[in-house]
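Here's the letter readout for the chains.
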Amino acid sequence: MPDQGMPADVIAVGPVSGLQYVRLQASMAEAMEAMELAAFPTALPEDLYSAAELIDLSREFPQGTFVGFDGDGRVEPVACGLGIRVDFDLTSPQHNLHNLIDEADSASGDDPNGEWYYGTDIIVRPDYRRRGIGKELYNLRKQVCLDLGLKGIIAGGVIPGYAEHKKTMTADEYIDAVRAGELYDRTLTFQLGNGFDVLCALENYIKDPAVDNYASMIVWHARDEEDDSTSQGGSST
Ligand SMILES: CC(C)(COP(=O)(O)OP(=O)(O)OC[C@H]1O[C@@H](n2cnc3c(N)ncnc32)[C@H](O)[C@@H]1OP(=O)(O)O)[C@@H](O)C(=O)NCCC(=O)NCCS
């Protein structure tokens, strides 16, 4: 819980970073769009959130959005974790986020009856990375799953390190090597370290020639967290 004296819209203060986390608001959309473009320099803008799409998301599922600010100034966001609720069949993992959103009845793709939290984006500004902010964002998302009774978090994760190995390995071989700890991927290794499993490579998930359009299907099960807290007799994050 935020300390007394914090701005009223602060929903959490990062226990490690001290960042103030608030829900996505329409007024942040332009700055967030710029952060997206800077975080995924080799991706096509159409694969990233536009300001208009961010405004839709802020209206339809604010509970699943977290934007981190450093201090009360609120000049620009330094981190975000965004997502929507979806139904998803893990036995047929191949998918594309555009299709998932287009097939939904809402503008953002959020299905209020969806059983999974689909992580559409997690970004930490480069000068704030490797300080535990990504972990804080995952903990906030995990708590949303527990609060809303969702099955867990799923996402198509980028695998930037594959660019250096794509000539010698398939995307699935690369993912296996990262899972086994033989190769380091700055995104997938971080996700595995946060309790995610990686199921397989996702073909044509994004238009990013650097990685031949591949991503990875990742999943975190809320049930495991609940089982852990029950067996330890404590509460989760
Ligand atoms: C992926 C991303 C969100 C991670 O954010 P982050 O804030 O750097 O994440 P964390 O600080 O929690 O963890 C990152 C690493 O720093 C390490 N770390 C955390 N605190 C640290 C500290 N004080 N000192 C040294 N290392 C630290 C973590 O152990 C982790 O190590 P790992 O890579 O071996 O797993 C960030 O790199 C990013 O925005 N990347 C570009 C966008 C992207 O790829 N998003 C994912 C889309 S699927």
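Please refer to the structure higher up on the page.
The paragraphs below set out a description of the structure included in this document. As the structure is a computational prediction, the values presented were derived from the model and not from experiment.

### Details of the overall build of the chain
When its secondary structure is counted, the chain shows seven helices and eight strands. Taken against the 2.2 N^0.38 rule, which gives 18 Å for 237 residues, the C-alpha radius of gyration of the chain at 17 Å falls within 12% of a compact globule. Judged by the C-alpha coordinates and their principal axes, the chain covers about 55 × 45 × 40 Å. The 237 residues of the chain split such that 38% are buried. A sequence separation of at least 24 residues applies to 66% of the contacts in the chain between residues at least 6 apart.

### Some points on the sheet that holds strand S8 (residues 215-221)
Spatially, S1-S2-S3-S4-S5-S6-S8-S7 is the arrangement adopted by the eight strands of the open sheet, whose pairing is mixed. Since the sheet does not close on itself, it has two edges, and those belong to strand S1 (10-13) and strand S7 (197-202), each with one partner. Across the sheet, the axes of successive neighbouring strands diverge by a mean angle of 25 degrees, strand direction being ignored. Two elements, strand S4 (residues 79-86) and strand S5 (residues 116-124), share eight bridges in a ladder whose sense is antiparallel. Across the sheet, arginine 85 pairs through a bridge with tyrosine 117, a residue of S5. Sitting on the sheet, helix H5 (residues 171-179) is in contact with S7 and S8, with an inclination near 160 degrees to S7.

### Comments concerning the environment of glycine 149
By secondary structure assignment, the location of glycine 149 is in the loop between helix H4 (133-148) and strand S6 (152-157). Among the residues examined, glycine 149 registers 8 C-beta atoms within 10 Å and is labelled exposed.

### Describing unusual backbone geometry
Its identity as a non-glycine residue notwithstanding, aspartate 212 has a phi of 50 degrees, on the positive side. Relative to the helices and strands, aspartate 212 is located in the loop between S7 and S8. For aspartate 212, a count of 14 C-beta atoms within 10 Å corresponds to the partly exposed category. Of note, asparagine 213 is a non-glycine position whose phi angle comes to about 70 degrees, a positive value.

### Thoughts on the nonpolar core
By size, the foremost hydrophobic cluster in this structure holds 57 residues, and its most contacted members are Ala79, Cys80, Ile159 and Tyr214. The dominant element in this core, judged by the number of residues it contributes, is S5, at six residues. Contacts of tyrosine 214, omitting those with residues within four sequence positions, involve Ile159, Tyr162, Ala171, Ala201, Leu202, Glu203 and Tyr205.

### Considering the site of the ligand
Lining the immediate environment of the ligand, one finds 18 residues, of which Val124, Arg129, Arg130, Gly134 and Lys135 sit closest. Contributing elements (two or more residues each) for the shell around the ligand: S5, H4 and helix H6 (188-193). Class assignment of the residues belonging to the shell around the ligand gives a composition of seven nonpolar, six polar and five charged.

### A look at the pairing of S1
Looking at chain direction, S1 and strand S2 (residues 20-22) are connected through three bridges and run antiparallel. Looking at the pairing, valine 10 lines up with valine 22 of S2. Counting the residues in the hairpin turn of S1 and S2 gives six residues, including glycine 18, whose phi is positive at 75 degrees.

The rules we used
Residues numbered from 1 in each chain as written. Predicted model: local features only at pLDDT ≥ 70, side-chain atom pairs only at ≥ 80, totals over all residues. Helix = DSSP H or I, 4+ residues; strand = E, 2+ residues; numbered from the N terminus. Rg over C-alpha atoms; globule rule 2.2 N^0.38 Å. Buried ≥ 20, exposed ≤ 12 C-beta atoms within 10 Å, placed from the backbone. Contact = placed C-beta atoms within 7 Å. Pairing = 2+ DSSP bridges. Axes fitted to C-alpha atoms, helices over the stretch in contact; angles between N-to-C directions. Core = buried A, V, L, I, M, F, W, Y, C linked by C-beta atoms within 7 Å. Near = placed C-beta within 6 Å. Nonpolar A, V, L, I, M, F, W, Y, C, P; charged D, E, K, R; others polar.

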